[in-house]
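One-letter residues, chain by chain:
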Amino acid sequence: MPHDSHDHDHTEPPSDLALRVKALETALTRKGYVDPAAVDAVVDTFETKVGPRNGAAVVAKAWTDPEFKQRLLDDASAACTELGFSGQQGEQLKAVENTDDVHNMVVCTLCSCYPWPVLGLPPSWYKSHAYRSRAVIEPRAVLEEFGVSIPEDKEVRVWDSTAELRYLVLPARPADTDDLSEEALAELVTRDAMIGTGVVQA
Amino acid sequence: MTNSVHDMGGMHGFGPIPREDNEPVFHEPWEGRVLGLMMTTGAHLKGNIDNTRSQSEMLPPATYLSLAYYERWFLRLERVCKEKGLVSADDLATLWAGQDIAEDLVAEPIAPDDMRRMFANGRSYNRQLNTSALFTVGETVCAKNMNPKGHTRLPRYARGKIGVVTAEHGGQIFPDTNATFSGEGPERLYTVRFQATDLWGPNANPKDTVFIDLWEPYLEAADTAS
């Protein structure tokens with residue numbers, strides 16, 4: 001590591017990143033650039049307000065309300081806002097529907113774009129070099145690792161989030177779930193199913 | 001930087017997907033602080049999402065690959081805060097040594113409620129264009145073979161490849177210019193469908209497709225007669 005000055009041994013940053021982050025937060029706070037309570041608000045938002053339960057509610061409603069489903073497929077941002085889910089990294093949402101003929105999956109090969117308001121922050125594997133590199137060139141092999149087998153004659157459609165559109169997979173509703181309530185259906189919907197690396201099972 | 005290691009689509013050798021059961025939102029509390037600091041300092045740093053991405057891409061490839069995700073974000077944030085004069089190296093060194101620094105308020109921080117509102121409202125990337133679309137839905141297009149040294153969102157694996165426009169999204173901020181603060185330069189955005197076999201050759205499943213969102217300057221008319 002380069003030294004700015006040989007007079008101060010402490011110009012080497014601490015190897016413990018937690019201390020180094022704390023130092024930056026303190027420095028910014030002392031100058032009035034940051035209110036730590038606003039940082040708390042961000043952490044709280046991602047730990048308790050946004051996450052895959054939001055997306056699951058959207059999916060379950062789409063399964064039980066055909067008009068909502070149509071609105072979701074026409075303009076997913078507006079439809080999700082109806083349920084109270086909107087905001088950064090979800091300004092332009094697009095829902096892509098899994099059907100008998102098409103299986104959708106979502107990746108961001110260039111960084112880690114992900115629909116925050118409906119799915120929260122991405123899991124580590126979504127940001128991994130392995131997923132980002134492989135999802136577009138061998139999606140079926142990736143899906144197999146997730147335990148999902150797609151028949152050879154069914155299209156696998158990969159969405160690479162290169163712009164500010166964010167994608168949400170609308171998974172297929174499992175069979176024999178006619179008697180389940182919207183809430184019970186939402187319980188079945190997994191995060192991976194909404195990224196497209198899983199399917200919903202009853 | 002365009003042709004750097006962040007542009008991973010189609011690369012080999014990264015192994016199986018590393019999955020973790022019951023993964024927490026943040027593995028360590030400092031990760032959440034980094035994200036929170038990035039979001040709360042936004043107005044003071046006067047950055048933009050394209051410049052932020054570009055900064056990460058300018059890391060040497062070996063460094064990019066070796067850093068953990070939030071570590072990469074943090075080192076970028078710390079560097080930018082120093083570059084823009086929000087914090088000084090001396091102040092950081094003092095804090096690293098376990099001492100405190102005096103309060104010297106020179107700015108107004110964003111309040112927690114405003115932070116929540118900013119998150120909930122999001123941003124608009126759409127911009128009105130006075131030009132007509134060069135391409136129409138259903139048209140066959142070619143992603144340009146281009147290798148600019150600056151930031152771009154045209155992945156290498158699509159360059160020179162033929163696809164079909166499936167949607168048009170109007171004018172949107174153009175990353176290539178926005179990343180260098182040389183203007184939003186809005187350009188029309190399209191979604192383009194590529195056949196997997198056109199991207200990867202005969203070993204790909206002929207049924208499979210990849211959809212990529214591409215701005216108009218990334219595209220040119222394809223010679224459909226060829």
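No experiment lies behind these values; they were computed from the predicted model shown.

Participant: In this structure, what is going on with the overall build of chain A? I would like to understand it.
Facilitator: From N to C terminus, chain A includes eleven helices and four strands. Relative to a compact globule of 202 residues, whose C-alpha radius of gyration would be 17 Å, chain A shows 21 Å and is clearly more extended. With 202 residues in all, chain A has 49% of them scored as buried. Sequence separation of 24 or more characterises 67% of the internal contacts of chain A that already satisfy a separation of 6 or more.

Participant: Looking at this structure, I do not really get helix 3 (residues 49-57) of chain B. What am I missing?
Facilitator: Three or four residues apart is the spacing at which side chains of an α-helix point the same way, because the helix has 3.6 residues per turn. All names here are of chain B. By the burial criterion, the buried members of helix 3 are Asp50, Ser54, Gln55 and Glu57. Within helix 3, the buried residues cover an arc of 160 degrees as seen down the axis, which keeps them to one side. The secondary structure elements touched by the buried residues of helix 3 are helix 5 (69-83) and helix 8 (175-178).

Participant: What is the right way to look at the domain arrangement of chain B in this model?
Facilitator: Interface size is commonly expressed as the accessible surface area that is lost when the partners come together. Residues and elements named next belong to chain B. Domain assignment breaks chain B into domain 1 (29-121) and domain 2 (140-221). Of note, the centres of domain 1 and domain 2, computed from C-alpha atoms alone, are 31 Å apart. If you look at the interface, domain 1 gives six residues, while domain 2 gives five residues. Residues of the side of domain 1 that touches domain 2, tallied by class, amount to no nonpolar, three polar and three charged.

Participant: What should I look at first to understand the sheet that holds strand 2 (residues 102-107) of chain A in this one?
Facilitator: Two strands in a sheet stick together by hydrogen bonds in their backbones, pointing the same way (parallel) or opposite ways (antiparallel). Strand order in the open sheet made by the seven strands is 2(A)-3(A)-4(B)-3(B)-2(B)-1(B)-5(B), with mixed pairing throughout. Because the sheet does not close on itself, it has two edges, and the strands there are strand 2 of chain A together with strand 5 (219-221) of chain B. Averaged over all adjacent pairs, the angle separating strand axes in this sheet is 35 degrees, with direction ignored. The sheet strands contacting helix 8 (residues 129-137) of chain A are strand 2 and strand 3 (155-160) of chain A together with strand 4 (209-215) of chain B, and the helix crosses strand 2 of chain A at an angle near 150 degrees.

Participant: Just checking my understanding: could you explain the interface of chain A and chain B for this structure?
Facilitator: In this assembly, 71 residues from chain A lie in contact with 79 residues from chain B. Elements represented by at least two residues in the side of chain A that touches chain B include exactly helix 1 (17-30), helix 2 (36-49), helix 7 (124-127), helix 8, helix 9 (139-145) and strand 3 of chain A. Residue composition of the side of chain A that touches chain B, grouped by class: 34 nonpolar, 18 polar and 19 charged. Pairing of strand 3 of chain A with strand 4 of chain B, which is carried by four bridges, proceeds in the parallel orientation. Pairing of Val158 of chain A across the sheet is with Val210 of chain B, part of strand 4 of chain B.

Participant: Please explain unusual backbone geometry as it appears in this structure.
Facilitator: Working note: non-glycine residues mostly have negative phi, and peptide bonds are mostly trans. Residue and element names in this part refer to chain B. Even without glycine at this site, Asn22 takes up a positive phi of about 50 degrees. Secondary-structure assignment places Asn22 in the segment before helix 1 (29-40). Residue Asn22 is classed as exposed on the basis of its 4 C-beta neighbours within 10 Å. One non-glycine residue with positive phi stands out, namely Lys46, at about 50 degrees. Relative to the helices and strands, Lys46 is located in the loop between helix 2 (42-45) and helix 3.

Definitions and limits used
- Residues numbered from 1 in each chain as written.
- Chains lettered and ligands numbered in written order.
- Predicted model: local features only at pLDDT ≥ 70, side-chain atom pairs only at ≥ 80, totals over all residues.
- Helix = DSSP H or I, 4+ residues; strand = E, 2+ residues; numbered from the N terminus.
- Rg over C-alpha atoms; globule rule 2.2 N^0.38 Å.
- Buried ≥ 20, exposed ≤ 12 C-beta atoms within 10 Å, placed from the backbone.
- Contact = placed C-beta atoms within 7 Å.
- Arc of directions from axis to C-beta.
- Domains from an automatic or database assignment.
- Nonpolar A, V, L, I, M, F, W, Y, C, P; charged D, E, K, R; others polar.
- Pairing = 2+ DSSP bridges.
- Axes fitted to C-alpha atoms, helices over the stretch in contact; angles between N-to-C directions.

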